[in-house]
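Report on the structure
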Amino acid sequence: MSSKPLDRCTSCDIHLDIKQKTTLRKHPLLKTLICANCYRTYNGGDFSRFIEPIDENGYDNYCRWCADGGTLISCDHSECRYAFCEDCITRNFGEDYFNEISSKRWYCFACNPLETLELVNFAKAAFKEEKRVENVKQNFDETAKQETEEVEERSNYSLDNFELQSKSDEEVEEQSEEEEVNSIKDFVLTSKSDEQEKLNNEQFDKHNLIKINERCSDLHASNEMSTFMQKEDEAKISNENLE
């Protein structure tokens, strides 16, 4: 069991932020957590680039964990040729573990994965956490996008309503102007009608006055005639009495 913090590269021991996707990798062979640089160095387990990748006994001449040299311990399994360095073993399991396996028959971490089970499980958990963080970010982005669309929709709705309201206000204003013009026209027509009626009344009054004057003249003449005839009758009666 590892005695060190698990959020680190098992190959170079640097701290790893499990929320940073670009820094996390799984070891191609052991499936433990390593950094991106160590992953590139390991190169998928291909050691053919080294000058002497295999020693005289047929074992790897470089560590299968860090792809480096140093003090190596080879696997005792008859069909395995893997070797692991002292630095990687003590880095992940301590010096006591290294001293223990150095003095007895030992099956490597590839042949006996129980040794690295805790590290492998943490790597799995780290990638799940990374996926969870990615999902949270994706959900956040989707929520932000949805809120942006809702804001844009509300803005467009408000703009449409504003345009409709502006159009309605313009129509009301035009209608008010038209009503005002019609009111002025009605006032002018009414004024003309009143003037015409007044003129007609004046003409009617003048005509009636003339008629009244004529009637008065006729009555006056009639009264004078009646008085004259009455006087003639009286004179006639008086003459008859004298005779």
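Please read all numbers here as calculations on a predicted model, not as lab measurements.

Considering a positive patch on the surface
The grouping of K26, K31, K124 and K128 at the surface amounts to a positive patch. Among the secondary structure elements, K31 is positioned in the loop between β1 (24-26) and β2 (33-35). Here K31 falls in the partly exposed class, since its relative accessible area comes to 42%.

Examining the nonpolar core
One finds C63, W65, F84, I89, Y97, W106 and F109 to be the most contacted residues of the largest nonpolar core, which totals 19 residues. Breaking this core down by element, the ones donating at least two residues are β4 (83-85), α2 (86-93) and α3 (95-102). Setting aside its immediate chain neighbours within four residues, F109 contacts L30, W65, F84, I89, F93, Y97, E115 and T116. Core analysis: the second largest hydrophobic core is formed by nine residues, L16, L33, C38 and A126 among them.

Concerning the pattern of salt bridges
For the coordinates displayed, the defined rule picks out four salt bridges. R81 is paired through a salt bridge with D60; the nearest N and O atoms lie 2.4 Å apart. On the criterion of sequence distance, the pair formed by R81 in the loop between β3 (72-74) and β4 and D60 in the loop between α1 (36-42) and β3 is long-range, its members being 21 residues apart. Across the pair K104 and E100 runs a salt bridge, and its minimum N-O distance is 3.1 Å. Residue class for K104 comes out partly exposed when judged on its relative accessible area of 46%. By relative accessible area, which is 42% here, E100 ends up partly exposed. Sharing partners across several salt bridges, the network here consists of D60, R64 and R81.

Considerations on the packing of aromatic side chains
Geometry of an aromatic ring pair is reported as the spacing of the ring centres plus the angle between the planes. If you walk through the whole model with that rule in mind, you get nine aromatic pairs. Between the aromatic rings of F93 and Y97, the centroid separation amounts to 5.1 Å while the plane-to-plane angle is 40°, which identifies the pairing as tilted. Given the relative accessible area of 9%, F93 is considered buried. Overall, Y97 belongs to the buried group, its relative accessible area being 14%. Both rings, one in W106 and one in F109, keep their centres 5.3 Å apart while their planes meet at 80°; by these two values the pair is edge-to-face. For the pair W106 and F109, a shared accessibility class is recorded, and that class is buried. Connected via pairs of aromatic rings, a cluster forms that spans W65, F84, F93, Y97, W106 and F109. Over the aromatic face of F127 sits the side chain of K26, whose NZ or CZ is 5.2 Å from the ring centroid.

Describing the side chain of N92
With respect to the helices and strands, N92 occurs in helix α2. Note on N92: relative accessible area 1%, which makes it buried. Engagement of the side chain of N92 in a polar contact is seen with the backbone oxygen of C88, the distance being 2.8 Å.

The rules we used
Residues numbered from 1 in each chain as written. Predicted model: local features only at pLDDT ≥ 70, side-chain atom pairs only at ≥ 80, totals over all residues. Heavy atoms only, no water. Patch = residues over 30% accessible without salt bridge, like charges linked within 9 Å, V, L, I, M, F, W, Y side chains within 5 Å. Areas by Shrake-Rupley, 256 points an atom, 1.4 Å probe, with all protein chains shown as cover. Salt bridge = Lys/Arg side-chain N within 4 Å of Asp/Glu carboxyl O. Lys, Arg positive; Asp, Glu negative; His and termini not counted. Charge placed at Lys NZ, Arg CZ, Asp CG, Glu CD. Helix = DSSP H or I, 4+ residues; strand = E, 2+ residues; numbered from the N terminus. Buried < 20%, exposed > 50% of the residue type's maximum accessible area, 1.4 Å probe, protein only. Core = buried A, V, L, I, M, F, W, Y, C linked by side-chain atoms within 4.5 Å. Contact = heavy atoms within 4.5 Å. Phe/Tyr/Trp six-rings, centres within 6.5 Å; stacked < 30°, edge-to-face > 60°. Lys NZ or Arg CZ within 6 Å of the ring centre and 35° of its normal. Polar contact = N/O pair within 3.5 Å; in protein donor to acceptor, adjacent residues only side chain to side chain.

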